[in-house]
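These are the residues of each chain, in order.
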Amino acid sequence: MTGIRRAAAVGGGVIGAGWVARLILNGIDVSIFDPDPEAERKVSEVMKNSRRAYKTMLPDGLPKEGKLTFAKTIQEAVTGADFIQESVPERLDLKHKVLAEIDKHAAVDAIVGSSTSGILPSDMQTSMKHPERLVVGHPYNPVYLLPLVEIVGGKLTSPEAVEKARELYASIGMKPVVIRKEIEAFVGDRLLEAVWREALWLIKDDITTVEELDDIMRYSFGIRWAQMGMFQVYRVAGGEAGMRHFIAQFGPCLSWPWTKLMDVPELDEELVDKIANQSDEQAHGLSIRELERIRDDNLVAIMEALSRQNKGKGWGAGALYKDYTKRLSKLAQKPATSKAAEKAKTSKPKKKKG
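Residues numbered from 1 in each chain as written. Predicted model: local features only at pLDDT ≥ 70, side-chain atom pairs only at ≥ 80, totals over all residues. Heavy atoms only, no water.

### What about the overall build of the chain?
So the rule is basically this: Strands are runs of DSSP state E lasting at least 2 residues, helices are runs of H or I lasting at least 4, and numbering of each runs from the N terminus. Shrake-Rupley sampling with a 1.4 Å probe provides the accessible areas, and residues are treated as covered by the protein chains on show and by no other component. Counted as positive: Lys and Arg. Counted as negative: Asp and Glu, with His and the chain ends omitted from the count. Charged groups are reduced to one reference atom each: NZ for lysine, CZ for arginine, CG for aspartic acid, CD for glutamic acid.
Of regular secondary structure, the chain possesses 14 helices and eight strands. Overall, the C-alpha framework of the chain stretches about 95 × 55 × 45 Å when taken along its three principal axes. Total accessible area on the chain is roughly 20,800 Å²; 57% of this is exposed by carbon and sulfur atoms. Here the chain holds 52 positive side-chain charges and 49 negative ones, and the gap between their average locations is 14 Å.

### Here's the deal with the packing of helix α7 (residues 188–204) against helix α8 (residues 210–218)
Helix-helix packing is described using two parameters, namely the angle between the two axes and the distance between the axes. This is how it is decided: Angles here are taken between N-to-C directions and fall from 0 to 180 degrees, while the axes themselves are lines fitted to C-alpha atoms, restricted in helices to the stretch in contact. In this scheme, roughly parallel covers angles under 35 degrees and roughly antiparallel covers those over 145, while 65 to 115 is roughly perpendicular and the rest are oblique. A crossing counts as left-handed when the near helix is turned anticlockwise from the far one by less than a right angle, and as right-handed when that turn is clockwise. Two residues qualify as a contact provided that any one of their heavy atoms is within 4.5 Å of a heavy atom in the partner residue. Residue polarity is assigned by list, with Asp, Glu, Lys and Arg as charged and Ala, Val, Leu, Ile, Met, Phe, Trp, Tyr, Cys and Pro as nonpolar; anything else, Gly included, falls into the polar class.
Taken N-terminus to C-terminus, the directions of α7 and α8 make an angle of 140°; their axes are 10 Å apart at the nearest point. Taken as axis vectors, α7 and α8 run oblique relative to one another. Both α7 and α8 take part in a crossing whose hand is right-handed. Each of Val195, Ala199, Leu202 and Ile203 in α7 lies in contact with α8, whose residues at this interface are Val210, Leu213 and Met217. A per-class count over the contact of α7 with α8 returns seven nonpolar, no polar and no charged.

### A look at helix α13 (residues 288–307)
Counted only if it meets this: Working rule for helices: expected span equals 1.5 Å times residues minus one. Relative accessibility thresholds used throughout: buried, under 20% of the residue-type maximum; exposed, over 50%; partly exposed, between the two (1.4 Å probe, protein chains only). As used here, the arc is the angular range of directions from the helix axis to the C-beta atoms.
The terminal C-alpha atoms of α13, which comprises 20 residues, lie 28 Å apart, in line with the 28 Å expected from a rise of 1.5 Å per residue. By the burial criterion, the buried members of α13 are Glu292, Asp296, Leu299, Val300, Met303, Leu306 and Ser307. All buried residues of α13 fall inside an arc of 130° around its axis, so they share one side.

### A few points about the pairing of strand β6 (residues 134–138)
Put simply, the rule is: We call two strands paired when DSSP finds no fewer than two bridges between them.
Burial runs high along β6: five of the five residues are buried. Side chains Leu134, Val136 and His138 of β6 all project onto a buried face; the interleaved residues Val135 and Gly137 project onto the opposite face, where all are buried too. As paired strands, strand β5 (residues 111–114) and β6 are joined by three bridges and run parallel to one another. Bridge pairing links Val112 to Leu134 in β6. Bridge count between β6 and strand β7 (residues 148–153): four bridges; the pairing is antiparallel. Bridging from a neighbouring strand, Gly137 pairs with Ile151 of β7.

### Examining the pairing of β5
Stated precisely, the cut-off is as follows: We call a crossover right-handed when, viewed with both strands directed away from the observer, the connection leading from the first strand over the helix to the second proceeds clockwise.
Covered by surrounding structure in β5 are Ile111 and Gly113 together with Val112 and Ser114, the residues of both alternating faces. Here four bridges tie strand β4 (residues 83–86) to β5, and the two strands are oriented parallel to one another. Across the sheet, the residue bridging to Phe83 is Ile111, located in β5. Read as a crossover between parallel neighbours, the route from β4 over helix α4 (residues 92–105) to β5 is right-handed.

### Observations concerning a negative patch on the surface
The line we're drawing: Only residues whose relative accessible area exceeds 30% and that take part in no salt bridge are eligible for patches, with like-charged residues grouped when within 9 Å of each other and nonpolar side chains (Val, Leu, Ile, Met, Phe, Trp, Tyr) grouped when within 5 Å. Take a side-chain nitrogen of Lys or Arg and a carboxyl oxygen of Asp or Glu: if they are within 4 Å of each other, that pair is a salt bridge.
Taken together, the side chains of Glu211, Glu212, Asp280 and Glu281 define an acidic patch exposed on the protein surface. For the negative patch, the secondary structure elements donating two or more residues are α8 and α12 (269–283).

### Observations concerning the UniProt feature "binding site: NAD(+)" (unreviewed entry) in the chain
Note the threshold: UniProt positions are given in the numbering used here, feature names are shortened, and annotations may be inferred rather than shown by experiment.
According to UniProt, the feature "binding site: NAD(+)" (unreviewed entry) maps to Gly11, Gly12, Gly13, Val14, Ile15 and Gly16 in the numbering used here. Among the structural elements, Gly12 can be located in the loop between β1 (6–10) and α1 (14–25). Residue classification places Gly12 among the buried positions, given a relative accessible area of 4%. In this view, Gly12 contacts Ala17, Ile32, Asp34 and Val43; residues no more than four positions away in its chain are not counted. Structurally, the position occupied by Val14 is in helix α1. Here Val14 falls in the exposed class, since its relative accessible area comes to 52%.

### Considering a nonpolar patch on the surface
Together, Val195, Trp225, Met230 and Phe231 make up a nonpolar patch on the protein surface, roughly 370 Å² of accessible area in all. If you trace the backbone, Trp225 turns up in helix α9 (residues 221–228). Residue Trp225 is classed as partly exposed on the basis of its relative accessible area of 31%.

### Let's talk about α4
Relative to the 20 Å expected for 14 residues at 1.5 Å per residue, α4 spans 20 Å between its end C-alpha atoms, a close match to the ideal helical length. Every buried residue belonging to α4 is among Leu94, Lys95, Val98, Leu99, Ile102 and Asp103, and all of these are buried. Take α4 and look down its axis: the buried residues cluster within an arc of 155°, on one side only. Turned more than 90 degrees off the buried face of α4, the exposed positions are Asp93, Lys97 and Lys104. Taken together, the buried residues of α4 touch β1, α3 (74–78), β4, β5, α5 (121–124) and β6.

What follows is the structure in structure tokens.
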């Protein structure tokens, strides 16, 4: 499997810092550029959370971390990198400017991934002289824990770049899924947007509260989705007749006027205040950092539990988690083994007495 020798990150927000953490904890040197004067502090906070989570995953010790360097320019960050992840804000004009600068200074054979949540890669490639090496590599937060990455090629992306990107992302413990057709918002965000839109209406119309809605998700189908997804859950719900029976039974419901998915609620001040105030109440005084750590602990626990299923082989994200932690454990042992071997080579044999 092709691995990453040296990485660069352009953009150090929540997603960019998450990429940095995953790469660093896989022992890969990373150079990052972000003009935000608070970037170093923000990345440091994410690194603290990621180390804490990985110590739970790997109680016997973590691999030696890669070196993190804060570059003063994009040129400085990408020079010498064979993998570059762009994670700047979702503005096409900004993406064009940043990707053109990356393209200008990066090695010709370097893969460039964009963390965009929905912009078409074909639209981003127009500013690049080497557009064939750009792919969308859309992750999910927290990047250092959630393994899924959606890979999307543009009209000018080469098949070789897509395959190389798939190998590179897999080498750092991720689950790459290559999206078959270029489409805005890809797959995951389209599903999330549909749920989010309906949720906004339910809050706006005073059907439920923010906390009640979250409870309905996390005490029911949210648990099911985490281990089987949507279609496999529905296959089971169809009984012995499977998916055909489920569709025959529940398919007609899709034409009933149950949802408002095609309508967009106006996010006016009143609705924003309602959601924000209810969210504040739901937090019970916990800070964002405290909530992030609770989230991370829960995610690790879920994947750890899934790793023990299927006769010990692991199930879903748990199977990948099992392989990932095993690989990191071996990586953690390498420095100690090599030092011991080096000591054995250099040490002189003891002379026998007599």
